[in-house]
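Chain residues, written in single-letter form:
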Amino acid sequence: MKRTSSRLADGREILYYDSGDGAARAFPDTRPLDASATASEVRRDPLLGDAVVIASHRQARTYHPPADACPLCPSTDGRASEVPAPAYEVAVFENRFPSLAGDTGRCEVICFTPDHGASFADLDEERAALVLAAWTDRTAELSRRDGVRQVYCFENRGADIGVTLGHPHGQIYAFPFITPRTTRMLATVAAHRERTGSNLFDEVLEGERADGGRVVLEGAHWTAFVPYAARWPYEVHLYPNRRVPDLPALGDGAREEFPRLYLELLRRFDRLFDRPDPTPYISAWHQAPLGEGRADFALHLELFTVRRTADKLKYLAGTESGMEAYMNDVRPEDAAARLRAVASR
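Values in this document were obtained by computation on a predicted structure and should not be read as measured data. (Residues numbered from 1 in each chain as written. Predicted model: local features only at pLDDT ≥ 70, side-chain atom pairs only at ≥ 80, totals over all residues. Heavy atoms only, no water.)

> Now, about the pattern of salt bridges: what can you tell me, with residues and values included?
If you walk through the whole model with that rule in mind, you get 37 salt bridges. When the shortest N-O distance is used, the salt bridge between Arg 184 and Glu 324 registers 3.1 Å. One end of the pair, Arg 184, is in helix H2 (residues 180–196); the other, Glu 324, is in the loop between helix H5 (318–323) and helix H6 (332–341), and 140 residues separate them in sequence. Considered together, Arg 184 and Glu 324 belong to a single accessibility category, that of exposed residues. Between Arg 214 and Glu 333 there is a salt bridge, with its nearest N and O atoms 2.7 Å apart. (Salt bridge = Lys/Arg side-chain N within 4 Å of Asp/Glu carboxyl O. Helix = DSSP H or I, 4+ residues; strand = E, 2+ residues; numbered from the N terminus. Buried < 20%, exposed > 50% of the residue type's maximum accessible area, 1.4 Å probe, protein only.)

> Describe the layout of surface pockets, and please don't skip the residues or the numbers.
Space inside the second largest pocket adds up to approximately 480 Å³. Along the wall of the second largest pocket there are 21 residues; nearest its centre are Arg 61, Asn 95, Thr 164, Leu 165 and His 169. Looking at the lining of the second largest pocket residue by residue, the class counts come to eight nonpolar, eight polar and five charged. (1 Å grid on protein atoms, 1.4 Å probe; cavity = no way out; pocket = protein on both sides within 12 Å on 5 of 7 lines; lining within 4 Å. Points joined across faces, edges and corners; volume = space filled by probe spheres on them. Nonpolar A, V, L, I, M, F, W, Y, C, P; charged D, E, K, R; others polar.)

> So what's going on with the packing of helix H1 (residues 125–143) against helix H4 (residues 252–270)? Residues and values would help.
Viewed as axis vectors pointing N to C, H1 and H4 meet at an angle of 115 degrees, and their least axial separation amounts to 9 Å. Of the two elements, H1 crosses H4, and the hand of that crossing is right-handed. Judged by residue contacts, Glu 125, Ala 128, Ala 129, Leu 132, Trp 135 and Thr 136 of H1 engage Arg 255, Phe 258, Pro 259, Arg 260, Tyr 262 and Leu 263 from H4. (Axes fitted to C-alpha atoms, helices over the stretch in contact; angles between N-to-C directions. Left-handed = near helix turned anticlockwise from the far one by under 90°. Contact = heavy atoms within 4.5 Å.)

> Explain empty space enclosed by the protein to me, using residue names and the numbers behind them.
Counting across every chain of the model gives three cavities of 30 Å³ or more. Approximately 50 Å³ is the volume attributed to the largest cavity. Around the largest cavity sit Phe 201, Asp 202, Leu 205, Tyr 239, Pro 240, Asn 241, Arg 242, Arg 243, Ala 298 and Leu 299, which together line it. For the lining of the largest cavity, the secondary-structure elements that each account for two or more residues are helix H3 (200–211) and strand S11 (234–240). A per-element tally of the lining of the largest cavity places H3 first, with three residues. In this structure, the second largest cavity occupies an estimated 40 Å³ of space.

> Run through the sheet that holds S11, naming residues and quoting values.
In sheet architecture, strand pairing relies on hydrogen bonds along the backbone and comes in two forms, parallel and antiparallel. Spatially, 11 strands are ordered S1-S2-S5-S6-S8-S7-S12-S13-S11-S10-S9 in an open sheet, and the strand pairing comes out antiparallel. What marks the edges here is a single partner per strand, and that holds for strand S1 (2–7) and strand S9 (215–218). When the angles between neighbouring strand axes are averaged without regard to direction, this sheet yields 20 degrees. Sheet topology places S1 next to strand S2 (residues 13–18); six bridges connect them, and they run antiparallel. Across the sheet, the residue bridging to Arg 3 is Tyr 17, located in S2. (Pairing = 2+ DSSP bridges.)

> Please provide a residue-by-residue account of the nonpolar core, values included.
One finds Ile 110, Phe 120, Trp 135 and Trp 285 to be the most contacted residues of the largest nonpolar core, which totals 52 residues. A total of eight residues in this core trace back to one element, the largest contributor, which is H4. In contact with Phe 120, other than residues within four places in its own chain, are Phe 112, Ala 128, Val 131, Trp 135, Glu 155, Tyr 262, Leu 263, Leu 266 and Tyr 281. In this structure, Tyr 16, Phe 93, Cys 111 and Leu 165 belong to the second largest nonpolar core, which totals 14 residues. (Core = buried A, V, L, I, M, F, W, Y, C linked by side-chain atoms within 4.5 Å.)

> Break down H1 for me, citing the residues and quoting the values.
Compared with an ideal rise of 1.5 Å per residue, which puts 19 residues at 27 Å, H1 spans 27 Å between its outermost C-alpha atoms and is within 8% of the ideal. Listed in full, the buried residues belonging to H1 are Arg 127, Ala 128, Leu 130, Val 131, Leu 132, Ala 134, Trp 135, Thr 136, Arg 138, Thr 139, Glu 141 and Leu 142. (Expected span 1.5 Å × (residues − 1).)

> Tell me what's going on with the packing of aromatic side chains, and back it up with residues and numbers.
The full count for this structure, using the stated rule, is 20 aromatic pairs. One aromatic cluster is present, formed by Phe 112, Phe 120, Trp 135, Trp 222, Phe 258, Tyr 262 and Trp 285 through successive ring pairs. Lying across the ring of Tyr 326, Arg 231 places its NZ or CZ 5.4 Å from the centre. (Phe/Tyr/Trp six-rings, centres within 6.5 Å; stacked < 30°, edge-to-face > 60°. Lys NZ or Arg CZ within 6 Å of the ring centre and 35° of its normal.)

> Please provide a residue-by-residue account of the packing of H2 against H3, values included.
The description of two helices packed together rests on the angle between their axes and the distance between the axes. Relative to each other, H2 and H3 sit at 90 degrees, their axes nearing to 9 Å. In terms of their interaxial angle, H2 and H3 are classed as roughly perpendicular. Contacts between H2 and H3 involve Met 185, Thr 188, Val 189, His 192 and Thr 196 from the first element and Leu 200, Phe 201 and Glu 203 from the second. Taken together, the residues of the contact of H2 with H3 sort by class into four nonpolar, three polar and one charged. (Parallel < 35°, antiparallel > 145°, perpendicular 65-115°, else oblique.)

> Report on the side chain of Glu 264, specifying residues and quantitative values.
Secondary-structure assignment places Glu 264 in helix H4. For Glu 264, a relative accessible area of 12% puts it in the buried group. For Glu 264, the side chain forms a polar contact with the side chain of Ser 344, separated by 2.5 Å. Those residues in contact with Glu 264, other than ones at most four positions away along the chain, are Leu 217, Arg 271, Ala 343 and Ser 344. (Polar contact = N/O pair within 3.5 Å; in protein donor to acceptor, adjacent residues only side chain to side chain.)

> Tell me what's going on with H4, and back it up with residues and numbers.
Over its 19 residues, H4 runs 28 Å from end to end, which matches the ideal 27 Å to within 8%, given 1.5 Å per residue. At Phe 258, H4 shows its strongest bend, of approximately 40 degrees, with the proline Pro 259 following within four residues. Looking only at H4, the buried set comprises Ala 254, Glu 257, Phe 258, Pro 259, Leu 261, Tyr 262, Leu 263, Glu 264, Leu 265, Leu 266, Arg 268 and Phe 269. (Bend = angle between axes of the 7 residues up to and from the residue.)

Structure representation (structure tokens):
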């Protein structure tokens, strides 16, 4: 992998990741951009203790531009974009409208392909491996920054999820705090360790592999399964079979196998419903925070869709949005069976 670093017109960093050493990506950003101004702050909910980011400057962010004005496509002679190079494989740059910046962390955009009409599921295994390498590199570098407590790599796909840019891309957040969901996981895992002396993540994975009823996909190094208490109609968790805290800790075998399994998983999601448009989803890497709880945490990816049938979406009800008490319309075992049925032939 070759990594090339450059700067955009307003001083933000951009990185190009290439599978070979021959690519030259040093292209100037010719746009007349002013230095970006951010006003993020982190506040604590006094009753729950959760961190909440206030980022009012994001009201002005780009919203559903037409394809010929996409800021994530490569620049051309007639139009300059966020990616100055006329071609790229994988590009990562600081978000122009970040939720987190400066002392409150960092937000990056990762573009998986220059093809505006593609999606992650359309990538070949070599490109998917390059994306994994970029996620790993960014996790390692951001984790070394002062004040960063947790690195989160994720992708939102589809207007039904709330995506405002149609180009295939994801985001990488470097949080100055441990996120509320991870905090809850850490507390549950620590209590289980105190009570039983064993690791809860290991027990969950071992139990799913032994039962097999909710397993969707298995490899030598990864297992994908629908969780026992899935919150979403179609939700899959992908675990490395050997527990590691984060992406940089993955072994060579897991890295080599990941592209094939992950692409198959995404393609199965696209075959779930008889529709011409791709299935909307959120794909989220859960990585160990820096500091406490790291030794017992297990890296894993959680993938879910808000679509429950071909023509129905799963909206959060009052019990879910208001009280975080989830009600799932699809039995997890049935979801797993359906995801096995749409396997590639």
